[in-house]
Amino acid sequence: MQKKAVIYIDVEDDITAIIGKVKDAKEKIVALVPPKRTGMLQSAVNLRLLARTADNAGKRLVLITSSSALASLAASAKIPVAKTLQSPPRLADAQDSSSSKSDSDDDVIDGGDLPVGDHAGIKDEEEEEIIVPEDLESLDMNSDVKPKKADVDDKKKSRVKVPDFGMFRKKMAFGAVGGVLLIAFLVWANVVAPHATVIVSAKTSAVDIKTTLSIGDSLSNDATKNTLSSITQTDKQTQSVSFDATGKKDVGTKASGTVVFENCQSANDVTVNSGTYLSVNGLNYIAQSTVVVPGGKDTNSDFKCDTPGESAPVNVVAEDVGDTYNTTAGTTFAVAGYDSTMSATSTDGIAGGEKHQATVVSASDVQSALEQLKQQNTDDEKKKLQAKFSNDIVLIDDSLSTVDGTPKLTPGIGEEVKSGQAKLTADITYSLMGVSKSSLESYLSTAIGQQLNGDKSKRIYDTGVSTVKFSNFQAASGKKPATIDMTGTGQVGLKIDDGEIKSQVGGKLSGEAIDSLKKIDGVNDVSVNLSPFWVQSIPNDPNKITIQFRLIKNG
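Rules of the game
Residues numbered from 1 in each chain as written. Predicted model: local features only at pLDDT ≥ 70, side-chain atom pairs only at ≥ 80, totals over all residues. Heavy atoms only, no water. Core = buried A, V, L, I, M, F, W, Y, C linked by side-chain atoms within 4.5 Å. Buried < 20%, exposed > 50% of the residue type's maximum accessible area, 1.4 Å probe, protein only. Contact = heavy atoms within 4.5 Å. Axes fitted to C-alpha atoms, helices over the stretch in contact; angles between N-to-C directions. Helix = DSSP H or I, 4+ residues; strand = E, 2+ residues; numbered from the N terminus. Parallel < 35°, antiparallel > 145°, perpendicular 65-115°, else oblique. Left-handed = near helix turned anticlockwise from the far one by under 90°. Phe/Tyr/Trp six-rings, centres within 6.5 Å; stacked < 30°, edge-to-face > 60°. Nonpolar A, V, L, I, M, F, W, Y, C, P; charged D, E, K, R; others polar. Disulfide = S-S within 2.5 Å. Pairing = 2+ DSSP bridges. Lys, Arg positive; Asp, Glu negative; His and termini not counted. Salt bridge = Lys/Arg side-chain N within 4 Å of Asp/Glu carboxyl O. Polar contact = N/O pair within 3.5 Å; in protein donor to acceptor, adjacent residues only side chain to side chain.

Enquirer: Which parts of the structure should I look at to understand the nonpolar core?
Expert: If you look at the biggest cluster of nonpolar residues, it comprises 26 residues, and the most contacted ones within it are Ile 18, Leu 32, Leu 41, Leu 50, Leu 61, Leu 63 and Ile 79. Other than its neighbours up to four places away in sequence, Ile 18 contacts Ile 9, Asp 13, Leu 32, Met 40, Leu 41 and Leu 50. Core analysis: the next-biggest nonpolar cluster, separate from the first, contains 24 residues, Val 435, Leu 444, Ala 447 and Phe 473 among them.

Right under this line is the structure:
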């Protein structure tokens, strides 16, 4: 319940006085009650002034009148009107003015009939409590929406129903789409979706394959010749290893010096060649150059050599190491190939000979080092080679082999190892062989087919490639290829044609199809899976039937 201010306009009030009363009103809602005849409010300009004043003051202005003409003017100023203080306000239609002529004096509140003093004399406590309609607050004074017409007119209009053709068209469209979807679903459910899987369990018998194969990268798959094509992967690595030398050997320095040859053998010059051996006390020395020894002289004419011819100094080296070859100056040597009339004498002595036992690299040391070199990376190299093969290759582990390159040895064989250890470096090529599963499948299929001896009532269900085992690998030697023993077990059984089964079960119920297939010799069990769940029989279309074989191995 909300109070409003009620201002009764006197016939003598001008617009300024009314504006002042509106401004002075304390309530938010101000009801103006004009006298029956007031020329001041019959001005549209004055009514707009009142409306603007109320808006600026934040008040709601309501004109209490039943005059259609005044209500029309109030509507032009967007001032709602009410016929009584208890009636709901509304914006009158501006055209209502046309009916203003029919206004009755009895329908208006004549403020002029009330004395001004009576208006002023109304005390607040005696003032009648006025019920403010709730829609006054919600009424949009600035709205351009046309005012509601009379309730009677609305009721009359509401009785006329106009068909909603838009909604009708929507329902028709939804119905058509639903019909198409229903037809599509029925076609899919009865024609496209039906599918059957027929699982036939058949017994098989084992066929053992045991043979020795020749394998090589250049060979072909030939079951009649027992040859199988292989694939070889290689990897070359330069590796080195340090090892302890174990050989022993006397080593040292050979004694050397100079000698001069003396010739009493002939009066003529004698040539002594390089490489001529000299000897003394059982030890040999070797002349390092060729020298001419002048002939001896017979000064007494007694046919004796009184003065031997003497050569220039010639370098000689002891035959072996050791200080036993050292001699003093003046030592005389016999000259091989000459008698005593030809000799050699050391001028300054033979010296520098020395000998000791040293540790040297032996041939067996080198062989041991090579074996050590091969073994130290075998596992790693094998893994590298295995990684080079594709997944469809069956590896022959025993075929891992190495090929040695020319080893480099520091120090060499027979040389002294002063540091205690020698070093061997060599290029080693690792290789590993494998056989593709497709080659094995081809070979086994042919080999098992040979055992079937042309029996067309049987077929190979499993070549046994997954059971193949290799053993006793022998590497290639010369022109002979590598060989290996192979064992495997295949599975053969009754030949059942997929097409014949599909033709036999098409269009039948599951039970009928099972009974029919179980009559085939070799068939152990049959099951049928239909899909989707509403399918009751096997489709007639062979493309919608899947045949699966489950083998029951018999040995």
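Enquirer: I keep staring at the packing of helix α1 (residues 15-24) against helix α2 (residues 44-56) and nothing clicks. Help me out?
Expert: A pair of packed helices is captured by two measures, namely the crossing angle of their axes and the spacing between those axes. Here α1 crosses α2 at 20 degrees, and the two axes come no closer than 10 Å. Between α1 and α2, the angle falls in the class roughly parallel. Between α1 and α2 lies a crossing whose hand is right-handed. Between α1, through Ile 15, Ile 18, Ile 19, Val 22 and Lys 23, and α2, the contact on the second element is made entirely by Asn 46, Leu 49, Leu 50 and Thr 53.

Enquirer: Which parts of the structure should I look at to understand the packing of aromatic side chains?
Expert: What the rule picks out here adds up to 7 aromatic pairs. With centroids separated by 6.1 Å and ring planes inclined at 35 degrees, the aromatic side chains of Phe 185 and Trp 188 adopt a geometry described as tilted. Of this pair, Phe 185 and Trp 188 are both found in helix α7 (residues 165-192), 3 residues apart, which corresponds to roughly one turn of the helix. Owing to a relative accessible area of 44%, Phe 185 belongs among the partly exposed residues under this scheme.

Enquirer: Sorry, what's going on with the packing of helix α11 (residues 498-505) against helix α12 (residues 510-518) here?
Expert: At a minimum axis distance of 9 Å, the contact between α11 and α12 shows a crossing angle of 135 degrees. As the angle between them shows, α11 and α12 are arranged oblique. Judged by the twist between their axes, the crossing of α11 over α12 is right-handed. Residue-level inspection shows Ile 501, Gln 504 and Val 505 of α11 in contact with α12, the latter providing Ala 513, Ser 516 and Leu 517. For the contact of α11 with α12, a count of residues per class yields 4 nonpolar, 2 polar and no charged.

Enquirer: Would you take a moment to explain the state of the cysteines for this structure?
Expert: Such a bond, covalent and formed between the sulfur atoms of two cysteines, is termed a disulfide. One pass over the structure, following the stated rule, counts 1 disulfide. Across the disulfide, Cys 264 is cross-linked to Cys 305 (sulfur-sulfur distance 2.3 Å). Disulfide Cys 264 to Cys 305: torsion about the S-S bond roughly -65 degrees, handedness left-handed. On the criterion of sequence distance, the pair formed by Cys 264 in the loop between β8 (247-263) and β9 (270-272) and Cys 305 in the loop between β12 (291-293) and β13 (309-310) is long-range, its members being 41 residues apart. Exposure remark for Cys 264: the relative accessible area of 24% places this residue in the partly exposed category.

Enquirer: For this particular structure, what's the right way to read the sheet that holds strand β2 (residues 29-33)?
Expert: In a beta sheet, neighbouring strands pair by backbone hydrogen bonds and run either parallel or antiparallel. The 4 strands lie next to each other as β1-β2-β3-β4, forming an open sheet whose pairing is parallel. The strands lining the two open edges of the sheet, one partner per strand, are β1 (5-8) and β4 (81-82). Sheet topology places β2 next to strand β3 (residues 60-64); 4 bridges connect them, and they run parallel. Bridge pairing in β3 places Leu 32 opposite Leu 63. The strands touched by α1 within the sheet are β1, β2 and β3, with β1 carrying the most contacts at an inclination of about 165 degrees.

Enquirer: Would you mind showing me how to read the side chain of Lys 544 here?
Expert: Examined against the element boundaries, Lys 544 turns out to sit in the loop between β24 (523-531) and β25 (545-554). No salt bridge is formed by the buried Lys 544. Its closest oppositely charged neighbour is Asp 541, at 4.8 Å. Among the polar contacts made by the side chain of Lys 544, one reaches the main-chain carbonyl oxygen of Val 192 at a distance of 3.0 Å. Excluding its chain neighbours within four sequence positions, the residues that come into contact with Lys 544 are Val 191, Val 192, Pro 194, His 195, Ala 196 and Pro 539.

Enquirer: What should I look at first to understand the pattern of salt bridges in this one?
Expert: Oppositely charged side chains are able to pair whenever their charged atoms sit close together. Counted according to the given criterion, the structure contains 4 salt bridges. In this structure, Lys 21 engages Asp 13 in a salt bridge whose closest nitrogen and oxygen atoms are separated by 2.8 Å. Of the residues examined, Lys 21 reaches a relative accessible area of 33% and is grouped as partly exposed. By relative accessible area, which is 15% here, Asp 13 ends up buried. Linking Asp 235 and Lys 388 is a salt bridge whose minimum nitrogen-to-oxygen distance equals 3.8 Å. Of the two residues, Asp 235 sits in strand β7 (residues 231-244) while Lys 388 sits in helix α9 (residues 378-388), which places them 153 residues apart along the sequence. Look at Asp 235 and you get buried, because its relative accessible area is 14%.

Remember, this is a structural readout, not a statement about activity or role.
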